[in-house]
Amino acid sequence: MNHSDVAELENIHLRLHWSSLVFDAISQIRTLILPVILLLFGAARGENFWLIIGAASVVPTMIYSVIRYITLRFQIDNGQMIVKHGLIFRNVRSIPITKIQNIDFVQNPLHRLLGVAEVRVETASGSEPEATLRVLKLEQVERLRAEIFEQRQIDSLESHDIGAPSTTNSGSEFASEVGTEGVVPSGFALANIQVQPIAILQIPASWLFYAGLASNRGALLIGVLFAFAFEANIFKRLDFQKLRQLIPANLGTAMMIVSAIAIFVALMVLLRLLGIIWYQLRFHGYTLTRKGDDLRISCGMFTKVQATVPRQRIQFISVQSNLIMRLLGFSAVRIETASSGKNLEDATQSVSSRWFVPIVPNDRLAELIGQIRPGLTWDDNAFQFQPISSRAAKRISRLAVLIAIILCAAGLIYSRPWGALVGVVALPAFLWVFRKGVHCTKFATTTDGVVFRSGVFTTKTSMTFFEKIQSLEVTQTPFDRRWGMAKLVLDTAAAGPAEHVIEIGMLDQSVAFEEHQTIKRLAALHQPVFQ
Amino acid sequence: VNSHEIHNSYAEHSLPIGESELSDFSSTPAPLPLYELDPRVIQVDVVGGVIFTALLAVGALVGLAILWVAQGFGIIWYTVAGCAFIGLFGLSVLSLTWPRIEYKNYRWRLDDQSLEVHRGVWFKHRISVPLGRVQHADVAQGPLLRKFGLGTLVINTAGTSNAQIEISGLAHEVAIKLRDRLVQQTQSRVVT
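No experiment lies behind these values; they were computed from the predicted model shown. (Residues numbered from 1 in each chain as written. Chains lettered and ligands numbered in written order. Predicted model: local features only at pLDDT ≥ 70, side-chain atom pairs only at ≥ 80, totals over all residues. Heavy atoms only, no water.)

Trainee: I'm lost on the overall build of chain A in this one. Help?
Mentor: Helix and strand content of chain A: 19 helices and 20 strands. Here chain A holds 531 residues, and the buried ones make up 46% of them. Counted over contacts in chain A with a minimum sequence separation of 6, partners at least 24 positions apart contribute 63%. Counting every atom, chain A has about 26900 Å² of accessible surface; 63% of that belongs to carbon and sulfur. (Helix = DSSP H or I, 4+ residues; strand = E, 2+ residues; numbered from the N terminus. Buried < 20%, exposed > 50% of the residue type's maximum accessible area, 1.4 Å probe, protein only. Contact = heavy atoms within 4.5 Å. Areas by Shrake-Rupley, 256 points an atom, 1.4 Å probe, with all protein chains shown as cover.)

Right, dumping it as structure tokens:
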């Protein structure tokens, strides 16, 4: 098929690129890595049994992907994206373009070599992408993308009354506008009229350096290395006797200690270095732009990722920073969308939710978040944070003492009487961390939603919005009741990649019940516009 | 006896839901009364508990018989039998009393803002689903509930940790009415 002379995508049947077969095979091998290894080992030893098992598990999927490649056709027709495939059972899926939330693409080095990309079309339903097209030629990707976004812009312009002089104020007008059907919060409407892309944020290499420095990503990579080493039985093959001979015999105790420290420091430096490299590779050339209501991220050195997030779909904004980031004056912003799924290692999904903005200086946070959600002012001083119960520190201290006593007892079992020291030493540490934790936990109810902050070392400040709250719950354990306390939990459609949930524990019972009523009322007032 | 009363009070309000426009944030309306479940649910739960205990007792008897065939009477047999007896006795006491305690700690209310459920004996929960957040709602009836004319209202939201909320033991017609009201509320709100 030759598409180059075709201007319109409409009614043209497009098909996958031939290299689809290769990439399908690669992705299958990746998921079936264990069976494949077994198969190779077995085959090398001449055991036919494993060969048969391996073939039985690989061949059907291979056949499936060949059939899929041969039969898959997709087109955009009459406002619908239609994907057909299947030989015996014809599979036709039509997705209304207006329902398409995201069209993301991933391009790894091999993809780039062949001039193709993997495309993922997502709708609001469920956590699975509605259609994954692996892989398409780049020009097709661009055309598909252009078509879909053009259609969406037209639709959103049609659905809002452009002539109305409504769009001067943003977010704060929220409450007055709900109640009437179909009214879009004015900030969103305004955004739809400006269809020019606006650059919101570009992350220079120097920030990524800091991000890597602050992250524990390196530790994770080391963990992966260890796992590989175990798989390959490296530890069993190592000759520790020979290793020992490498250490000079006449080393004094002081020298031993010094070299141990040196090795430790070197390891730490290595960890940080790995973190820095990971960040540089993953987020190289990070740009965040906004076109209408779509936030678009593109980044990556070798594997390039482009992900789109419609901002109405953002359920949850979380600003997080660990100790090092706080020292450097940086934060990371994570968001959660309704369909951000469980499959976090998926490149586009993890970039668009887990790593939404990997690093940003604190003084640009307010501006950035104002773009993510129009009308929202992100200002620690304006939030009017409330602490949790004043008796929480006392309650948590008792818990610390209890844990220390248990540690003492456990220590005594191992060695008497010095084992008890474990608990004695641990007590102040526990007390400090627990009490600090209580001190760091606070919440605020603003005009937009609920803000919750917690964390001693890694501070997480998260916000969800009244129209995104699906249900709320106050729970009391028997212990809570003894202390006259309760926990307030807000449930949203967000799937949880930000690793922070709004569960405000150890509130005074009366405060919890009161907040429950207030938030419930506000949630009922702010009805969701987009479902 | 009580069920009649509840039905009457329900009928008086016809629907214990504010039909008015959503009230604004500043004025706090007096909360509507909380309703109890249909008291017949106590009988349902007692019957269910008794059946369960009886099945366990049969199981225990079979087990003891097998043990007797294998080993005859002895220390082991008497210990096992004693434990089984104590366990079953405790369970039957619990299945006779617990449903009433649970019932006493169960309340619900629907107002113009949300559906609210209070429940739990040791672990207390107060759950609210704001109106318009209900994705779909079903009324389910097991054989026992059907026999007693009761139903379980199952509410599904788009949430994650608390996506499904159940009220088990409403009079069937009340459950149906509630379901219709909740779904109607959602339909009138969804735009796209």
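Trainee: Please clarify how the overall build of chain B should be interpreted in this entry.
Mentor: Counting secondary structure elements, chain B contains five helices and six strands. Counting from the amino terminus, chain B carries its helices and strands in the arrangement α-α-α-β-β-β-β-α-β-β-α. The buried share of chain B, reckoned over its 192 residues, is 36%. Here the analysis covers contacts within chain B between residues at least 6 apart in sequence; of these, 56% occur between residues at least 24 apart.

Trainee: Can you help me understand the pairing of strand β18 (residues 469–476) of chain A in this one?
Mentor: Two faces make up the sheet, and in a regular strand the side chains alternate between them. In terms of burial, β18(A) is largely enclosed, as eight of its eight residues are buried. The pairing of β18(A) with strand β19 (residues 485–492) of chain A spans six bridges and is classified as antiparallel. The residue of β19(A) that forms the bridge with A:Ile469 is A:Thr492. In this sheet, strand β3 (residues 124–130) of chain B lies alongside β18(A) in antiparallel orientation, the contact comprising five bridges. Within β3(B), the position partnered with A:Thr475 by the bridge is B:His125. (Pairing = 2+ DSSP bridges.)

Trainee: Explanation requested: the sheet that holds strand β6 (residues 164–171) of chain B in the structure shown.
Mentor: Within a beta sheet, neighbouring strands are joined by backbone hydrogen bonds and run either parallel or antiparallel to one another. Residues and elements named next belong to chain B. Pairing within the open sheet is antiparallel, and its three strands lie in the order β4-β5-β6. This sheet does not close on itself; its edge strands, each paired only once, are β4 (134–140) and β6. Within this sheet the neighbouring strands show an average axis-to-axis angle of 20°, counted without direction. As defined by bridge partners, strand β5 (residues 150–157) adjoins β6 across seven bridges and the pair is classed as antiparallel. Within β6, the position partnered with Val154 by the bridge is Glu166. (Axes fitted to C-alpha atoms, helices over the stretch in contact; angles between N-to-C directions.)

Trainee: Explain the packing of helix α16 (residues 392–414) of chain A against helix α17 (residues 421–440) of chain A to me, please; I cannot follow it from the model alone.
Mentor: Relative placement of two packed helices is described by the angle separating their axes and the distance separating the axes. Residues and elements named next belong to chain A. Taken N-terminus to C-terminus, the directions of α16 and α17 make an angle of 155°; their axes are 9 Å apart at the nearest point. The angle between the axes of α16 and α17 places the two elements in the roughly antiparallel class. You can see that α16 and α17 cross each other, and the crossing is right-handed. Of the residues in α17, those in contact with Ala392, Ala393, Ile396, Ser397, Leu399, Ala400, Val401, Ile403, Ala404, Leu407 and Cys408 of α16 are Gly423, Val424, Ala426, Leu427, Phe430, Leu431, Phe434, Arg435 and Val438. (Parallel < 35°, antiparallel > 145°, perpendicular 65-115°, else oblique. Left-handed = near helix turned anticlockwise from the far one by under 90°.)

Trainee: I would appreciate a short explanation of the environment of B:Lys177 in the present structure.
Mentor: Assignment of secondary structure puts B:Lys177 in helix α5 (residues 172–187). On a C-alpha basis, the gap between B:Lys177 and B:Val139 in space is 10.0 Å, while along the polypeptide they are 38 residues apart.

Trainee: I keep staring at the sheet that holds β19(A) and nothing clicks. Help me out?
Mentor: Spatial strand order, β20(A)-β19(A)-β18(A)-β3(B)-β2(B)-β1(B): six strands in an open sheet with antiparallel pairing. At either margin of the open sheet sits one strand with a lone partner, and together these are β20 (503–508) of chain A together with β1 (107–110) of chain B. Averaged over all neighbouring strand pairs, the angle between strand axes comes to 15°, with direction disregarded.

Trainee: Would you mind showing me how to read the confidence of the model for chain B here?
Mentor: Residues and elements named next belong to chain B. This prediction gives chain B a mean pLDDT of 83; 81% of its residues lie at or above 70. Confidence drops under pLDDT 50 across residues 1–26; counting only partners more than four residues distant or on other chains, this segment forms 47 contacts. Scored by ipTM, the complex comes to 0.81, with pTM at 0.78. (pLDDT = per-residue confidence, 0-100.)

Trainee: Quick question: what am I supposed to make of the packing of helix α8 (residues 205–214) of chain A against helix α12 (residues 253–283) of chain A here?
Mentor: All names here are of chain A. Where α8 meets α12, the axes come as close as 7 Å, and the angle between the chain directions of the two elements is 135°. What the angle tells us is that α8 and α12 run oblique. Crossing handedness for the pair α8 and α12: right-handed. Counted together, Ala205, Leu208, Phe209, Ala211, Gly212, Leu213 and Ala214 of α8 and Arg272, Gly275, Ile276, Tyr279, Gln280 and Phe283 of α12 form the full contact between these two elements.

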